[in-house]
Structures are given as structure tokens and as C-alpha cells.
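Coordinates in review
What follows is each chain in one-letter form.
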Amino acid sequence: MLAPSAQSPRPSSPPIESAGDDWWHNAVIYQVYLRSFQDSDGDGIGDLQGLRERLPYLRGLGVDGIWLAPFYPSPQHDHGYDVSDYTGVHSDYGTLADAGDLVGDAHRLGLRVVVDIVPNHCSVEHPWFAAAVAAEPAGPERQRFHFADGRGEDGELPPNNWRSIFGGSAWERVAERGGAPGQWFLHSFAPEQPDFNWRHPEVVAHFDRVLRFWFDLGVDGLRIDVAHGLHKRDRLPDHDLAVGDELTGDPVNPHAWNQREVHDVWRRWRAIADGYARRTGRARLLVGEVGLLDAEQLATYQRPGELHQSFYFDFLRAPWEAPALREVIDKGTRTVAGPGAPVAWVLNNHDMPRSVTRYAGGAPGHGAGDVALGLRRAAAAALLLLALPGTAYLYQGEELGLPEVTDLPDEALSDPVFHRTGGARRGRDGCRVPLPWSAVGDSFGFSPDGATPPWLPQPDWFARYTVERQLDLGDSMLQLYRAAIALRHRIPAMSSQRLRWISAEPGVLCFTRGDGFVCMVNCSSQPVRAPMGSLLIASDPETGEKVPADGAAWFLLPGRSAARTF
Ligand code: GLC
């Protein structure tokens, strides 16, 4: 990888308190999967103190903000996406004071902080759910969830045929007082994650308080888990297509997802966020995880007065082919983006096999594929991602070019997906392995010396990907990301929302942004002639007159300036 002419440090960010509106437009936001980021106390699990220690690294990477996966009290059946207290901090991760200190430290470094809110479901250990199970079937405590009598002679069959996303039925039966099998409750994910009943006013009011709690603590935004969930179709009718397949989860059940009423919640939350923005002069971001494949439907979540943006997963799902990528980019910029709602581009997150492995033809349980090829393409994809108009979301380790760990032993796997499908789906652990920071100690610097081993085992080959090593190499993936992010902040043309395609050879993407910036991505198997202009940065050191196969590069047309004055 080549990162010429982009080594100068990023200009300092404006102080957070005086930062203008909509800081996420054109921002680069880095997802921290806390459990696997940095362990400070030696229990083999990442924590808030560890993250605080590493904030200068993120500042050096040049990102504008971080999004933190859930760190709330939780029995960790789905690693924190099963929340038992929405306004606390799990003891593995630290204390509420640590969370406040983290926000303070981040703000001093010019980094915004986005926290993850999980409104569709909670944990079986949430006091409301414990009270519901202890209550009579007709008790008001059960109304905050979806409890229902079973079908069959003795209620031994689930109330409907809905499937859980993690495999198996979406219903679990409880024992009533006295121990007899009783009602069932709905869980769209694991049985340890009961779905809230969003038609209940106490659920609505509870989350209003949760939002205010975290905004009062100073966070700059919320990532909203399963934002197309929450409401279910009245009377929970059977799903026509759900029959049979135990393993594939729920193939977009129209009764369980994307109900009209959910938009009322986003209008309500937006009003709260806007209220904070008005009172404090600091805009607060609402970014949704909306798992819908239809771009027009996705766009409805960021209509004026609703969410600011939703992750655009089509980009992540696209194969390494120019026509497919171009179509997805067009759909993103034309259909998904709205007025004041930039596209939230994503190549990696904690739920998907890492891009290096996807582009290499590998997958969990099926091998790593051609890693060298995957790395070349992932580097090129990084330049594509960072050249697009909108917000770029990175996932920890992406900047290191980490491949997926595809061969974790069965006994190490902790994702409920693996267990609920009897091992047929390997699950998401392979992209969640703790980060390699340095050659130090037994855990590549993830934990202090003499600590408990990391909660997921790191393979020996992580040694090649450590931060320390990559900072020493001029042409590492990390240097490419640092240089590209710095350029993205410096080049005036990159603040333009306009993207215009330039005709290019088959298999090649070429577009301009604003005045004079050109990005070329060569998905073909042949080198192609580079466009006119000076080379700013390239994913392949051989880039010159030509952009090599599976390479990408940025150019500046003659007479344009790469510097922005601040
Ligand atoms: C979201 C999260 C995922 C979690 C699921 C259930 O999709 O990204 O990690 O398992 O919601 O909360």
C-alpha cells in the first residue's frame, strides 16, 4: 500500500462545545467493540479504562468520533445486546464514573461519543421481565412484553410460527407459579432477549428517560439497535413464509418488522435529541440499524424529523464487482440519502465477516480464502469508502486489515447464533477477536502481562497485524487509513455531497467529488490507465501511469488545492 503526500497531521478539531451542527456529515466514526478493544485490568475482557488509554491512538487515526457497543449491566448472552439496566455500566467494563470520564477525555481530544441503545428487547434479567415471569398470566407486569397462551390442547405449541433471527422459534415458554408450564413470550433474537411491547406507555416513557440520561452524561449521539423492530403487527398473526427452516432465522417477517408505528418513536426521539441540541448548542446524532433490504423503505427512517441516518448495509453486502458497487452507490446517494441525511456507509461491523475475508472468498467455518487478494481489495475498498459523500463508519481492526478468524474452535464460540443453530451457522465471534496492539505479552498487548487469557483466543498470525508493527511500516493498512482520513479532512472538494461518474473501462469505477477530486477503483483483473492529475494516495505501491488490478487511488486534477485552510 502506498500513502504518499498525506503524512501531515490532521488539523485540530474545533472544540466540541462550539462545534457546529450536524458534526456527522462527512465524519468518520469508529465502532469500538469494547469487549475486544483494550483490557486494562487483566480479566481478558476489554473495558472503559482500556479505551480511555487508547483514545490518543484513535485521535492519531484521525476519526471524528466513536460508537461504543453496549456496555450496560447484562448477563452477556448476546454480549451486551441483552440489557438488564439501561443506565448503568457492567462491572466487566467499569463504572458509570468511567463512562463519564471517557466522554470527558474524548471531548478534550475532539472526539464525539455515540452510545448504543437497545430498545427492541432487554435481558431476562431486567427487573421488569423478572416481575413479568413472577406475575399471574393476566398480571399487568406481563403487558410490557409479548406474553401469550400457546396453541395446541395444553398450550404446548408456540402462539404463532415466527422464527427467531438467531434460529429456532421466536417463542419461549415460562413456568407459572407452582411450576406448571404456562404462557409463552416473544423473543426476536435469543430466548434471553425478550421483546418489549412498544404499545405500552411505560415502555415508551422508560426509553425517554434512558435517552435523557445518556444525553445528560454528555454523549453526542445514539446508535439504535434493530430500529426497524419495536412494534409488532396487532394480534401477532402467523407469517406465511416462515414454515420449516429452523436454521436460517426469520426471513424478514412483515408482521414482526417495519411497522408504521415505529416511525412515531423516531419522531419522538428526534424531538428529544433536537431539544438537547437547542439547549446545549451541540447536535446529537440518531443513527439507526435498520435491517431492511429495500432502499426506499430504508429511506423512510430518515425522513425529516426522524433519524438522522441509518446504516447502509447494501454497500457491505456488494460483491467486488464494479457494476454491483456502482449500483449500490447510486442507490445510496439517490434513494437512501435524504435532505440533511447523509448516507452511513459501512464495510465492516461486529455482526459480519470482515471485509478482507469476504473479498478473499472466505467465510467462518469455510476457511480464510486468498488472504493476499482479500487484503488488496480491502485496501482498495477503504479508499472507495472514504471517498464517498456521507459518513464513513469503520469497525475496530478494519484499519489493521484484520482478516476474520475463521477457525475458532467450537468450544471457544460464544455467539448464540452458533448454539441456537446446533453449529450450522458459526456465528460472529470471528470478527470479534481482541485486537493485536503490540508484540508485548501473551495477548499482543490486549491485556496487561500475567492476565487471564483474552475472552476469545487470538491466532498466532495476529503478530503480523499489530498496531505497533503497522505504525513502523510505511506502507501498512493502518498507514493507508491514517493518510486517507487525513486527506479526506484536508481536501475541500471532499466536503461536497455531489458525486459524478466519469466513464471508465469495464470493471472500473471512476468518479469525481466537488471540484477536481477523482477516485478510481479497479475491480478488473488488468491494470488500467490512471486519470489525469496528481496522485494523492493509492492502495497499491505500483500505482503510477496505471492503477493495478484490485487497486484504488485518489487524484487531484491540475490546479486544485489539497489543503483546506482553517
Ligand atoms: C443487532 C446487533 C447484534 C445483536 C442484535 C440483537 O443486530 O448489531 O449484534 O445481536 O441486534 O440485539
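Just so it is clear, the structure is predicted and the values come from calculations on it, not from any experiment.

Let us look at the nonpolar core. Considering soluble globular proteins, one finds that nonpolar side chains tend to be buried as a cluster. Counting residues in hydrophobic clusters, the biggest one holds 154 residues, and the most contacted among them are Y30, L51, L58, W266, W269, F315 and W554. Per element, the largest residue contribution to this core is 11 residues, and it comes from helix 10 (residues 371-387). Ignoring sequence-local partners within four residues, the contact set of W266 consists of P119, I224, A227, L230, Y301, G305, E306 and L307. With 14 residues, the next largest nonpolar core counts A148, W171, W257 and V417 among its residues.

As a packed pair, helix 10 and helix 13 (residues 477-490) sit with axes 10 Å apart at the nearest point and diverge in direction by 15°. As summarised for this structure, helix 10 and helix 13 are arranged roughly parallel, according to the angle between their axes. The two elements helix 10 and helix 13 meet at a crossing, and its hand is right-handed. Two secondary-structure elements touch here, helix 10 through L375, A378, A379, A382, L383, L385, L386 and A387 and helix 13 through M477, L480, Y481, A484, I485 and R488. In the contact of helix 10 with helix 13, the residues fall into 13 nonpolar, no polar and one charged.

The subject of this paragraph is the site of the ligand. Every one of the 14 residues lining the ligand counts as a neighbour, but D78, D225, E289, H350 and D351 are closest to it. Note that an oxygen atom of the ligand is positioned 2.7 Å from one of the side-chain N or O atoms of E289. Contact distances for the ligand include 2.8 Å between an oxygen atom and a side-chain N or O atom of H350. Coverage of the ligand by the protein chains reaches 95% of its 310 Å² of free accessible surface. By residue class, the composition of the shell around the ligand is four nonpolar, three polar and seven charged.

On to helix 1 (residues 48-61). Helix length check: helix 1 (14 residues) gives 19 Å between terminal C-alpha atoms against 20 Å at 1.5 Å per residue, within 8%. A maximum bend of about 45° is found in helix 1 at R54, where proline P56 lies one to four positions downstream. Taken as a whole, helix 1 has its buried residues at L48, G50, L51, L55, Y57, L58 and L61. Next to the buried residues of helix 1 lie strand 1 (28-32), strand 2 (65-68), helix 2 (96-108), helix 12 (467-472) and helix 13. Phi turns positive, to about 100°, at G62, one or two residues after helix 1.

It is possible for side chains bearing opposite charge to pair when their charged atoms get close. If you walk through the whole model with that rule in mind, you get 30 salt bridges. Measuring nitrogen to oxygen at the nearest pair gives 3.6 Å for the salt bridge that ties D101 to R52. Taken as a pair, D101 in helix 2 and R52 in helix 1 lie far apart in primary sequence, 49 residues in all. For D101, a relative accessible area of 35% gives the class partly exposed. Linking R268 and D208 is a salt bridge whose minimum nitrogen-to-oxygen distance equals 2.7 Å. Highlighted residues: R268 in helix 5 (residues 262-280) and D208 in helix 4 (residues 201-217), separated in sequence by 60 residues. Residue classification places D208 among the buried residues on the basis of a relative accessible area of 9%. Each member of the salt-bridge network shares a partner with another, and the members are D78, D351, D415, R428 and R432.

This part covers the packing of aromatic side chains. For any pair of aromatic rings, the description consists of the separation of the ring centres together with the inter-plane angle of the planes. All chains considered together, the criterion is met by 34 aromatic pairs. Ring geometry for W67 and F311: centres 5.3 Å apart, planes at 25°, overall stacked. Within this pair, whereas W67 is found in strand 2, its partner F311 is found in strand 9 (residues 309-312), the two being separated by 244 residues in sequence. Both residues of the pair, W67 and F311, count as buried. On the numbers, 5.4 Å between centres and 20° between planes, the contact of F145 with F196 is stacked. Of this pair, F145 sits in the loop between helix 3 (127-134) and strand 4 (147-148) while F196 sits in the loop between strand 6 (181-186) and helix 4, and the two are 51 residues apart along the sequence. Neither F145 nor F196 differs from the other in exposure class; each is buried. Of the aromatic side chains, those joined through ring pairs into one cluster are Y86, W128, F129, F145, F147, F185, F196, W198, F207, W266 and W269.

To continue, consider the sheet that holds strand 3 (residues 112-117). Taken in spatial order, the eight strands of this closed barrel run 1-2-3-7-8-9-10-11, and their pairing is parallel. Sheet twist, expressed as the mean angle between neighbouring strand axes with direction ignored, is 25°. Taken together, the four bridges between strand 2 and strand 3 define a ladder with parallel strand orientation. Opposite G65, over in strand 3, you have R112 as the bridge partner. Taken strand by strand, helix 4 contacts strand 3, strand 7 (221-224) and strand 8 (285-288), and its axis lies near 160° from that of strand 3.

Before going further, it helps to spend a moment on the environment of L347. Mapped onto the secondary structure, L347 falls in the loop between strand 10 (344-346) and helix 9 (355-359). Residue L347 is classed as buried on the basis of its relative accessible area of 1%. Along the primary structure L347 and Y395 are separated by 48 residues, whereas in three dimensions their C-alpha atoms are 8.1 Å apart. For L347, the contacting residues outside a window of four places in its chain are F315, L316, S355, R358, Y359, A381, A382, L385, Y393 and E398.

On to the environment of E136. With respect to the helices and strands, E136 occurs in the loop between helix 3 and strand 4. Counting along the chain gives 41 residues from E136 to T95, while the straight-line C-alpha distance between them is 36 Å. Among residues more than four places away in sequence, those in contact with E136 are R142 and R177.

Here we come to the side chain of H350. Here H350 is to be found in the loop between strand 10 and helix 9. Only 3.2 Å separates the side chain of H350 from the side chain of Y81, close enough to count as a polar contact.

Summed over all chains, the structure comprises six cavities of 30 Å³ or more. Taken together, L347, N348, R354, S355, V356, A378, A382, E398, G401, L402, M477 and Y481 make up the lining of the largest cavity. Broken down by secondary-structure element, the contributors of at least two residues to the lining of the largest cavity are helix 9, helix 10 and helix 13. Counted by class, the lining of the largest cavity contains seven nonpolar, three polar and two charged residues.

The rules behind each value
- Residues numbered from 1 in each chain as written.
- Predicted model: local features only at pLDDT ≥ 70, side-chain atom pairs only at ≥ 80, totals over all residues.
- Heavy atoms only, no water.
- Core = buried A, V, L, I, M, F, W, Y, C linked by side-chain atoms within 4.5 Å.
- Buried < 20%, exposed > 50% of the residue type's maximum accessible area, 1.4 Å probe, protein only.
- Helix = DSSP H or I, 4+ residues; strand = E, 2+ residues; numbered from the N terminus.
- Contact = heavy atoms within 4.5 Å.
- Axes fitted to C-alpha atoms, helices over the stretch in contact; angles between N-to-C directions.
- Parallel < 35°, antiparallel > 145°, perpendicular 65-115°, else oblique.
- Left-handed = near helix turned anticlockwise from the far one by under 90°.
- Nonpolar A, V, L, I, M, F, W, Y, C, P; charged D, E, K, R; others polar.
- Near = heavy atom within 4 Å.
- Polar contact = N/O pair within 3.5 Å; in protein donor to acceptor, adjacent residues only side chain to side chain.
- Areas by Shrake-Rupley, 256 points an atom, 1.4 Å probe, with all protein chains shown as cover.
- Expected span 1.5 Å × (residues − 1).
- Bend = angle between axes of the 7 residues up to and from the residue.
- Salt bridge = Lys/Arg side-chain N within 4 Å of Asp/Glu carboxyl O.
- Phe/Tyr/Trp six-rings, centres within 6.5 Å; stacked < 30°, edge-to-face > 60°.
- Pairing = 2+ DSSP bridges.
- 1 Å grid on protein atoms, 1.4 Å probe; cavity = no way out; pocket = protein on both sides within 12 Å on 5 of 7 lines; lining within 4 Å.
- Points joined across faces, edges and corners; volume = space filled by probe spheres on them.

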